[in-house]
Amino acid sequence: QHLPALTALSPFPEFPYFIHIHAMKVKVLSRNPDDYVRETKLDIQRVPRNYDPSLHPFEVPREYTRALNATKLERVFAKPFLASLDGHRDGVNCMAKHPKSLSTMLSGSCDGEVVWNLTKRECVRTLQAHEGFVRGMVVRFCGTSFFTVGDDKTIKQWKMETPGYGEEEEPLNTILGKSVFTSIDHHQKEGVFVTCGQQVDIWDEQRSSPIRSFSWGVDSFSCVRFNPVETELLASCASDRSIVLYDMREATPLKKVIMNMRSNTLCWNPMEAYNFTCSNEDYNLYTYDMRYLDKPFTVHMDHVSAVLDVDYSPTGKEFVSASFDKTIRIFPKDSGHSREVYHTKRMQHVISIKWSSDNKYILSASDEMNIRLWKANAAEKLGLLAPREKAAVNYSQKLKEKFQHHPQIRRISHHRHLPKSIYSQTKELRVMKEARRRKERNVRKHSKPGSMPVVTEKEKHVVTVVK
Amino acid sequence: EAIKHCAPITPSALIKTKKQLKNLQHNQSTLETPLTRKETEKIQREVAFEKTSKEVSRWQSVVLQNQKAEQLVFPLNQEPSGPKRIEHVVAGWKAQTPLEQEIFSLLRMNKQPLHDPVLTPTEEASLRAMSLEEAKIRRAELQKTRVLQSYYEAKAKRGKKIKSKKYHRVQKKVMRKEYLKQFDEMVKTDPAAALEELKKMELSRMKERMSLKHQNSGKWAKSKAIMAKYDDGARKAMQKQLEVNKDLTQKLVIPADEDEEDEEESAETLPDFVNDVEPILDQVNPWMRGKLSTEPMMEESNRLDPPVWPREVGKPGEGQDEQEEDEEQMEETEEESLLRGFEERRKLRQTEDYNSFSIQTPDGKKAEILEISDYDEEAVEISDDDEEAGLSNFTSLFHGLVNHMEPPADQPKAGPGLRQGESPALLEEGLVRVRTLEDVELLSQDISTSDTALLTTQILGTEETDTQSATQQADKKRKKMIDPNEVLTKEAKVIEMPLAPTAVEDVEDKEEQRVIIKEAFAGDDVVSDFLKDKRKQEEAGRPKVIDLTLPGWGEWGGLGLQPSRSKRKRFRVKVAPPPPRQDQKLPNIIIAEKRDSSIAAHQVCQLPFPFEKPIQFERTIRSPVGRTWNTQNAVQKITAPKVVTQLGAIIEPIAREDLIKDNRQAVTGPSINLESDQGPQKKRRSQQKKQHKRKKN
């Protein structure tokens, strides 16, 4: 504050601080250079801060602007599609994650070949596993071998290592079954695996006949999954529109719930032992608590065609679904609508989907012989982040969260492009739904009070629970 | 059985078999048919389901915990990074060279662990005994206790340094009171222990008496002894002192019969009316009951130190006596407590009715109040001093005392003193509060009549002026509006007349009428209010003339000097008039034109879901998160993401071991967070709120 005055006084305005008068002591402003000089030029300039709120006014508008910019940038940088892995000569029917290696992935196609893919985006190994479709595949928990089932009624165990030069590509084990197997899953810790087809069979790896078979008046199952947490529990989807629960230790199945339409696949939540989500033919996904099967606790709607596959993120907070409508959608596990939709022009019906076990990528396998690699968070920057970058990302994330209800930000962050067909279909479905609702309302209005009970959306889709 | 016994046939065995056969023949009932396979399976399934769902439910707490967690870091159970011991990495390793073998044989001889378990079993166990989490918790606890201790010490030190005698006196009193309270409790809950306690008190009193107090060895006494030669007063004081000493030391002689002694003591120390049931003089005014507590004190003081230790501040000799006075005071209060104790005991013995208890407690409180109200300021000061108020029960006690004190202190003010000379608004309150007694009712009648009259006149007056001004202004505006005066204010005149006479006539329904009048007149104002409002809005919307005149330039400037008129004229900028208001021709409508559509697009129009009140939502918006407003640490804490995953780390499904560990944690209790709970940040926020009252929406 004294500076202007001093400058004015000094005869040499170039040296405002330096006033030296003989025989008179003048106090001069002096600073310790340590406070403002950085040691190397790579250091960040030290900025002394004064947090007095009166010096930093308009905090809300400023942060709002930042949030708006962050939201816009997020949409700008949202480029989820990473790579397409091609090499199959038929539609890809199933995939499997490697439990120990992130860079390894297995895929089975409709002409019976199994292809390995690496994050170098190249096929490492090809083998003719089955004649006809490869229906299911799973890697053993230790990652040293894997199992495949196919339309030729066999279960085959293969070594994970590539056979050496001159060695023949042969399975370790082959089990010949009586009927076609449609799905396979492996126990989390023990040498036990489960297959399904006409019945649900539990196999010991050392034996050629199942150690236990479950059937409950159903003749075909489409999917069976071990619970990754409570490892003795199983769930399966059957063709009679039911989902059946089993305990490996019991002689009988536990319970089943019959829904309006058939469930295609299901996936257990890897962090919550009792929750699972099933993908249904009626365009929806349903998340159930296995203890209360009488109604799903969330109905996830958004797809406009049958949902074919579902996989949870390893954090258990979200899941991804693949649909016949040629899109992939990501749902938060407790929200009714998707937070993200992925599609490309060339991607056809998506048959199989997997969320990578480091929570960063999504792999989708579709009809048109390609496997696609997506980012799980569309706008995320991949690779290592500098600490400041990380802080900036966190801050903008927080801002977006804080101002998420503001109309502009909401509009921008929720905007997604959809192919025209899907868009029109969505609209059509909306109209249909509205019409149905209106009709129901009218019927209720004109019928005896109490004769038309209100059925919630959750209750609508469950027919019955069979004990 | 029959067949078994058949070899040696005896008549008894025969009879037995016959009986059995008969029984079988008689027994008509058949076994139940086994359940069908379907049903048995159903039952099996149900049982199995119950079992598994119970098993699965164990995860509930973990799941909830993870849902509520501020931050989840995946993979969940990360092993500490860094190099591992070679023994853990290399599995099948054997000593091969002779040197190695020698070393291992040595180790084996000394019972040291060999390659695989690097630690001895005991060491391993001790390591396992405390996990990292537990260790953290333990450390936090220890830290907390240490901090508490240091706080306490610092506080004690500070308290010790305080020179104010009053403070110490109050402090002691508070402590004593606390002690007494505990004692009271004990009397109720555990009389035997209370007796023990009493004995202890007695003992301590005796010790006190045995000590050299009130003798001639104190500082004060010594000075008096010197003065005694010349000063008669000093001599007298000395004598008094010695007398007191004698008195006190005499009490050491304890007669065999305790009851007698008690009675004696009570006769000595207590005035008669202590044992009486409290006379209910005035239920309303608790201060009327104050006689009991104040008088014994006065008596005591009279007895102990009539003129010698003057109590008033500013009297001569006060400076010297202060210390002694303090001591004396202490002793006095001790005596009080003792007296109370004795009284208590007597009550216990005689098992009198509950009334006697009720005497004791209120007057004790009052005594406290009387004294402490003087030291109120000090108390407040002290409480200000204490930053760690939560830690010290002393301060809380003080607060409690002050709070206790307040209602009775308020009452006399609100009582009769108020009625004479205060504003009518407060008067009305008084009316509402005090209406139990007849005379009060009479008073209230008077007041209410006068009050209502006043009120009505007032209201009428204001109303009249209002309407007048309204009409005047409306006249002015007539050119603009379509005669809003005629349309709107006509009803207003109709209600002008009534109700004042009725208010005077009716005595009983006064209250109701007053309410009615109020309502009526309140309604009457609406029209003129509206007009005023509208005019105000119009005024606000009108552009203001901008004055850009700067003093000085081209003329003299300074205090009391106005820039010249011509200059002012030159620098006055007239703004173009805004477009005409939308409600210009609508007399009974105000259309707000403040709303800016460009801003409205950015504003939230509906309260978002989880919030219940707009205030909650606004609060979340108002607090900034950025680095500009918060310290580095605070920002880090605020912006920490909910889920953290590591690039390239495989996240395994949650394992059963986690469940077991989590359960154990739940048993030991949640971890203690000593990280100051964003203390500075909160403070900052509150400051901000005070300083800025900007709202986003």
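Residues numbered from 1 in each chain as written. Chains lettered and ligands numbered in written order. Predicted model: local features only at pLDDT ≥ 70, side-chain atom pairs only at ≥ 80, totals over all residues. Heavy atoms only, no water.

> Looking at this structure, how should I read the overall build of chain A?
Helices and strands together make up the secondary structure of chain A, namely six helices and 29 strands. Burial analysis of chain A (467 residues in total) assigns 48% to the buried set. Counting contacts in chain A only where the partners sit at least 6 residues apart, residues at least 24 apart contribute 48% of the total. Surface accessibility of chain A: about 24000 Å² in total, with carbon and sulfur atoms responsible for 54%. (Helix = DSSP H or I, 4+ residues; strand = E, 2+ residues; numbered from the N terminus. Buried < 20%, exposed > 50% of the residue type's maximum accessible area, 1.4 Å probe, protein only. Contact = heavy atoms within 4.5 Å. Areas by Shrake-Rupley, 256 points an atom, 1.4 Å probe, with all protein chains shown as cover.)

> Sorry, what's going on with a nonpolar patch on the surface here?
All names here are of chain B. Judged by side-chain polarity, Ile546, Leu548, Phe571, Val573 and Val575 come together as a nonpolar surface patch covering roughly 390 Å² of accessible area. As for its position among the elements, isoleucine 546 is in strand 2 (residues 546-547). Relative accessible area serves as the criterion here: at 40%, isoleucine 546 is assigned to the partly exposed category. (Patch = residues over 30% accessible without salt bridge, like charges linked within 9 Å, V, L, I, M, F, W, Y side chains within 5 Å. Salt bridge = Lys/Arg side-chain N within 4 Å of Asp/Glu carboxyl O.)

> I tried to follow the confidence of the model for chain A on my own but got confused; where do I start?
Of all residues in chain A, 95% have pLDDT values of 70 or greater, and the mean over the chain is 89. Across residues 1-20 of chain A the pLDDT falls below 50, and counting only partners more than four positions away or on other chains, this stretch makes 11 contacts in the model. (pLDDT = per-residue confidence, 0-100.)

> Where do I start with the interface of chain A and chain B in this structure?
Many authors give the size of an interface as the accessible area that is lost as the parts come together. The interface of chain A with chain B comprises 63 residues on the first partner and 64 residues on the second. In this assembly, chain A packs against chain B so that about 5700 Å² is buried in total across both faces, 61% of it on carbon and sulfur atoms. At the surface where chain A touches chain B, the tally comes to five salt bridges. Between Glu232(A) and Arg656(B) there is a salt bridge; the shortest N-O distance is 3.4 Å. Summed over the shared surface of chain A and chain B, the result is 21 residue pairs in polar contact (both at pLDDT 80 or more). Put simply, the parts of the chain that give the side of chain A that touches chain B at least two residues each are helix 2 (59-77), strand 16 (242-247), strand 17 (253-259), helix 3 (387-402) and helix 4 (407-414) of chain A. Here the element with the most residues in the side of chain A that touches chain B is helix 2 of chain A; it accounts for seven residues. Of the residues in the side of chain A that touches chain B, the class split is 27 nonpolar, 14 polar and 22 charged. (Buried area = accessible area lost by both parts, 1.4 Å probe. Polar contact = N/O pair within 3.5 Å; in protein donor to acceptor, adjacent residues only side chain to side chain. Nonpolar A, V, L, I, M, F, W, Y, C, P; charged D, E, K, R; others polar.)

> I keep staring at a negative patch on the surface and nothing clicks. Help me out?
Residues and elements named next belong to chain A. Negative charge collects at one region of the surface, where Asp34, Asp35, Glu39 and Asp43 lie side by side. Following the sequence through the fold, aspartate 43 ends up in the loop between helix 1 (3-9) and helix 2. In this structure aspartate 43 comes out as partly exposed when scored by relative accessible area, which is 32%. (Lys, Arg positive; Asp, Glu negative; His and termini not counted. Charge placed at Lys NZ, Arg CZ, Asp CG, Glu CD.)

> I tried to follow the nonpolar core on my own but got confused; where do I start?
Side chains of a nonpolar character, in soluble globular proteins, are inclined to be buried together. Core analysis: the largest hydrophobic core is formed by 35 residues, its most contacted members being Ile243(A), Leu245(A), Leu266(A), Phe276(A), Tyr288(A), Met290(A) and Trp59(B). If sequence neighbours within four positions are ignored, Tyr288(A) has contacts with Ile243(A), Val257(A), Met259(A), Tyr274(A), Asn275(A), Phe276(A), Cys278(A), Leu293(A), Lys295(A), Pro296(A), Phe297(A) and Val462(A). Val194(A), Val218(A), Phe226(A) and Leu234(A) belong to the second-largest nonpolar core, a separate cluster that totals 16 residues. (Core = buried A, V, L, I, M, F, W, Y, C linked by side-chain atoms within 4.5 Å.)

> What is the right way to read the packing of aromatic side chains from this model?
Note on aromatic pairs: each is described by the distance of the centres and the angle between the planes. Residue and element names in this part refer to chain A. All told, the structure shown has 12 aromatic pairs over all chains when counted by the stated rule. Aromatic rings pair up to connect Phe147, Phe181, Phe193 and Trp203 into one cluster. The cationic tip of lysine 256 hangs over the ring face of tryptophan 216; the distance from NZ or CZ to the ring centre is 4.8 Å. (Phe/Tyr/Trp six-rings, centres within 6.5 Å; stacked < 30°, edge-to-face > 60°. Lys NZ or Arg CZ within 6 Å of the ring centre and 35° of its normal.)

> Would you explain the sheet that holds strand 19 (residues 275-280) of chain A in this entry?
Each strand in a sheet pairs with its neighbour through backbone hydrogen bonds, running either in the same direction (parallel) or in the opposite one (antiparallel). Residues and elements named next belong to chain A. Taken in spatial order, the four strands of this open sheet run 18-19-20-21, and their pairing is antiparallel. Either end of the sheet is taken by a strand with one partner, and the two such strands are strand 18 (263-268) and strand 21 (298-300). Within this sheet the neighbouring strands show an average axis-to-axis angle of 20 degrees, counted without direction. (Pairing = 2+ DSSP bridges. Axes fitted to C-alpha atoms, helices over the stretch in contact; angles between N-to-C directions.)

> Can you walk me through the packing of helix 2 of chain A against helix 3 of chain A in this structure?
A packed helix pair is summarised by two numbers, namely the angle formed by the two axes and the spacing between the axes. Residue and element names in this part refer to chain A. Between helix 2 and helix 3, whose axes approach to 9 Å, the crossing angle comes to 105 degrees. With respect to each other, helix 2 and helix 3 are oriented roughly perpendicular. When helix 2 is examined against helix 3, the residues Glu63, Arg66, Ala67, Ala70, Thr71 and Glu74 are found in contact with a partner set consisting of Tyr395, Ser396, Leu399, Lys400 and Lys402. For the contact of helix 2 with helix 3, the residue count by class is four nonpolar, two polar and five charged. (Parallel < 35°, antiparallel > 145°, perpendicular 65-115°, else oblique.)

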